[in-house]
Amino acid sequence: MSGIKDLGNATLTFDGKSIELPVFEGSERERAVDIRALRKETGMITYDPGFVNTGCCQSDITYIDGEKGILRYRGYDINELAENCEFIDVAYLLVHGALPNETQHGEFSRHLNSHSLLHEDMRHFFDAYPDHAHPMATLSAMAVSLSTFYPELEDATIQENIDYKVSRLLSKLRTAAAFSYKKSIGHPIVYPKRSLKYCENFLNMMFWNPVNDYAPDPVVAKALNKLLILHADHEQNCSASVVKMVGSAGANLYASISAGICALWGPLHGGANQHVIEMLERIIAEDKGNVKRVIERAKDKEDPFRLMGVGHRVYKSYDPRAKVAKQMCKDVLAKLGVSDPLLDLAMELEDAVLADDYFAERCLYPNIDFYTGLTYRAMGIPTNMFTVMFAIGRIPGWIAQWLEMREDPDGRIGRPRQIYTGPTLRSMNS
Ligand code: CMC
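Residues numbered from 1 in each chain as written. Predicted model: local features only at pLDDT ≥ 70, side-chain atom pairs only at ≥ 80, totals over all residues. Heavy atoms only, no water.

Draft legend 1. Geometry of the overall build of the chain. Check the secondary structure of the chain and you find 19 helices and six strands. Its C-alpha atoms give the chain a radius of gyration of 23 Å, within 12% of the compact-globule value 22 Å for 430 residues. Along the longest, intermediate and shortest principal axes, the C-alpha atoms of the chain span 80 × 60 × 55 Å. Across the 430 residues in the chain, those meeting the buried criterion constitute 48%. Put simply, 70% of the contacts in the chain that link residues at least 6 apart link residues at least 24 apart. (Helix = DSSP H or I, 4+ residues; strand = E, 2+ residues; numbered from the N terminus. Rg over C-alpha atoms; globule rule 2.2 N^0.38 Å. Buried < 20%, exposed > 50% of the residue type's maximum accessible area, 1.4 Å probe, protein only. Contact = heavy atoms within 4.5 Å.)

Draft legend 2. How the structure looks around the site of the ligand. Around the ligand there are 21 residues in total, and Leu268, His269, Leu307, Gly309 and Arg313 lie nearest to it. Between the ligand and Arg306 there is a distance of 2.8 Å, counted from an oxygen atom to a side-chain nitrogen or oxygen. A distance of 2.9 Å separates a nitrogen atom of the ligand from a polar atom in the backbone of Val310. In the complex, the protein chains occlude 76% of the 930 Å² of accessible area that the ligand would expose alone. (Near = heavy atom within 4 Å. Polar contact = N/O pair within 3.5 Å; in protein donor to acceptor, adjacent residues only side chain to side chain. Areas by Shrake-Rupley, 256 points an atom, 1.4 Å probe, with all protein chains shown as cover.)

Draft legend 3. A look at the side chain of Asp233. Position of Asp233 among the secondary structure elements: in the loop between α10 (218-231) and α11 (238-248). Lacking a salt bridge, the buried Asp233 has Arg394 as its closest oppositely charged neighbour, with an N-O distance of 5.0 Å. For Asp233, the residues in contact, after removing those within four places along its chain, are Ile61, Thr62, Leu71, Tyr73, Leu94, Arg394, Gly397 and Gln401. (Lys, Arg positive; Asp, Glu negative; His and termini not counted. Salt bridge = Lys/Arg side-chain N within 4 Å of Asp/Glu carboxyl O.)

Draft legend 4. Structural view of the packing of helix α6 (residues 135-149) against helix α12 (residues 253-265). Where α6 contacts α12, the two axes come as close as 7 Å, and the packing angle between them is 170 degrees. For the element pair α6 / α12, the angle class is roughly antiparallel. Facing Met136, Ala137, Leu139, Ser140, Ala143, Val144, Leu146 and Ser147 of α6, the residues of α12 in contact are Tyr254, Ala255, Ser258, Ile261, Cys262, Leu264 and Trp265. Counted by class, the contact of α6 with α12 contains 12 nonpolar, three polar and no charged residues. (Axes fitted to C-alpha atoms, helices over the stretch in contact; angles between N-to-C directions. Parallel < 35°, antiparallel > 145°, perpendicular 65-115°, else oblique. Nonpolar A, V, L, I, M, F, W, Y, C, P; charged D, E, K, R; others polar.)

Draft legend 5. Examining the environment of Lys5 more closely. Take Lys5: it is sitting in strand β1 (residues 5-14). Considered as a pair, Lys5 and Phe24 are 19 residues apart in the sequence and their alpha carbons are 5.5 Å apart. Setting aside residues up to four positions removed in sequence, Lys5 forms contacts with Val23, Phe24 and Glu25.

Draft legend 6. A look at the sheet that holds strand β6 (residues 76-77). Strand order in the open sheet formed by three strands is β4-β5-β6, with antiparallel pairing between adjacent strands. Across the chains shown, the open sheet's two edge strands, defined by having one partner strand only, are β4 (62-65) and β6. As judged from the two bridges shared by strand β5 (residues 70-73) and β6, these two strands associate in the antiparallel manner. Residue pairing across strands places Arg72 opposite Asp77, the latter belonging to β6. (Pairing = 2+ DSSP bridges.)

Draft legend 7. Structural detail: the sheet that holds strand β3 (residues 31-33). Spatially, three strands are ordered β1-β2-β3 in an open sheet, and the strand pairing comes out antiparallel. Single-partner strands in this sheet number two, and they are β1 and β3. Adjacent strand axes in the sheet meet at a mean angle of 25 degrees, parallel and antiparallel pairs treated alike. Alignment of strand β2 (residues 17-25) against β3, held across three bridges, turns out to be antiparallel. In the sheet register, Phe24 faces β3, and the bridge partner there is Ala32.

Draft legend 8. Inspection of the pattern of salt bridges at higher detail. According to the stated counting rule, one finds 19 salt bridges in the structure shown. The partner of Lys68 in a salt bridge is Asp65, and the shortest N-O contact between them spans 3.9 Å. Lys299 is paired through a salt bridge with Asp356; the nearest N and O atoms lie 2.9 Å apart. Residue Lys299 is found in helix α14 (residues 291-299), and its partner Asp356 is found in the loop between α16 (341-355) and α17 (357-361); the two are separated by 57 residues along the sequence. With a relative accessible area of 23%, Lys299 lands in the partly exposed category. The structure contains a network of salt bridges with shared partners spanning Glu25, Arg29 and Arg31.

Draft legend 9. Just the pairing of β2, in detail. As defined by bridge partners, β1 adjoins β2 across eight bridges and the pair is classed as antiparallel. The residue of β2 that forms the bridge with Ala10 is Leu21. The hairpin turn running from β2 into β3, its antiparallel successor, is five residues long, and Arg29 in that turn takes a positive phi close to 65 degrees.

Structure follows, in structure tokens:
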């Protein structure tokens with residue numbers, strides 16, 4: 001890894017004994033104490049539920065400054081990438097470390113097209129799921145099922161055929177996501193088309209049907225492209241850590257991604273985008289749009305309710321993705337001529353959050369999921385597909401993180417310790 005600076009040692013003293021622990025600094029001056037020798041030297045472990053203070057790796061991929069609201073992929077600011085790039089170029093960037101030139105772009109695009117079909121036997125899987133199946137469950141099952149149909153990738157070395165691996169996952173999971181939607185509404189599935197670009201192809205598979213011809217709206221395709229870029233990576237978040245944990249045991253990429261999809265589904269993580277819309281709908285239906293009552297509930301420690309789309313483990317200022325997403329949401333709704341009372345309610349709720357001491361003291365701001373669902377909704381994407389959209393966007397990040405982990409010379413199987421607090425030895429006879 002590049003950019004590491006040795007800063008000397010920190011001394012830990014306990015029980016009359018001291019040990020020296022190396023301190024180092026990354027390229028953006030974040031500092032870490034290397035505690036790898038701690039248990040061996042002292043018999044103690046660190047205690048850090050939720051890994052709030054634990055760095056699990058050195059990484060070249062994504063940089064976040066949660067205090068300043070900065071997010072960069074491979075050194076490029078998220079705003080610049082979202083404004084100027086195609087999602088597939090950002091996927092290439094995350095995996096390869098550099099944006100593709102024209103030839104590389106063309107080749108990657110061809111790979112994506114040639115791997116977009118699902119094996120026909122996999123298509124039949126969709127028939128066995130109930131119509132109400134959540135598409136995140138289906139997507140996760142499809143991801144791991146790919147390993148049964150395309151096992152040859154498991155045998156290759158990590159970097160071998162990398163574009164082949166990436167495009168297969170990116171392309172086939174996009175197809176699987178659209179198929180799961182078609183299945184849920186009882187419509188015939190629509191196959192991918194070579195003539196369409198990545199986002200347009202997805203929209204066509206979602207919205208074309210035999211009785212209602214459909215051409216992807218450029219406004220919608222552009223918005224989707226931007227949203228996928230915003231979702232593409234977020235360093236050591238819950239799902240990426242799951243992908244890496246599974247991969248650290250030597251499990252294949254498909255299995256690791258499948259586990260990541262399940263983690264992302266959780267309402268505290270990517271599932272929040274669906275829960276934001278459901279929360280806003282409930283505020284209208286049950287609270288007659290009364291934002292004050294919802295804010296009071298969120299602050300009440302006796303009430304398990306939390307404001308969905310608000311707060312973040314890392315961002316202690318406005319989530320930079322949320323800034324882009326909010327502006328884009330307004331633009332897309334205006335361009336599509338959609339007026340959504342939920343957007344007005346969301347903005348009122350945001351104002352109330354920003355004006356309230358409870359949220360200010362805890363540095364709680366709207367996160368990416370606060371406004372993305374409203375945009376997906378205006379684009380015609382059904383609510384239960386929102387987290388699937390997040391997952392499609394996050395695939396390149398998961399792959400890049402998985403690859404980096406597998407090549408990390410310091411990498412070992414992920415295996416946290418614990419402090420046991422249960423009964424000491426007892427006998428069934430006593
Ligand atoms: N509503 C009300 N209070 C909150 C919220 C919220 N959404 N989020 C955090 N808090 C409070 C929390 O109760 C705690 O208060 P206190 O210090 O009095 O006990 C304090 O803020 C710190 O919260 P925490 O749970 O210790 O923070 P965390 O870093 O463990 O959790 C979070 C981060 C994102 C899970 C949390 O903010 C949350 O549940 N937010 C709502 C769900 C959500 O929008 N998730 C999407 C995150 S963005 C997509 C992604 O990258 O995953």
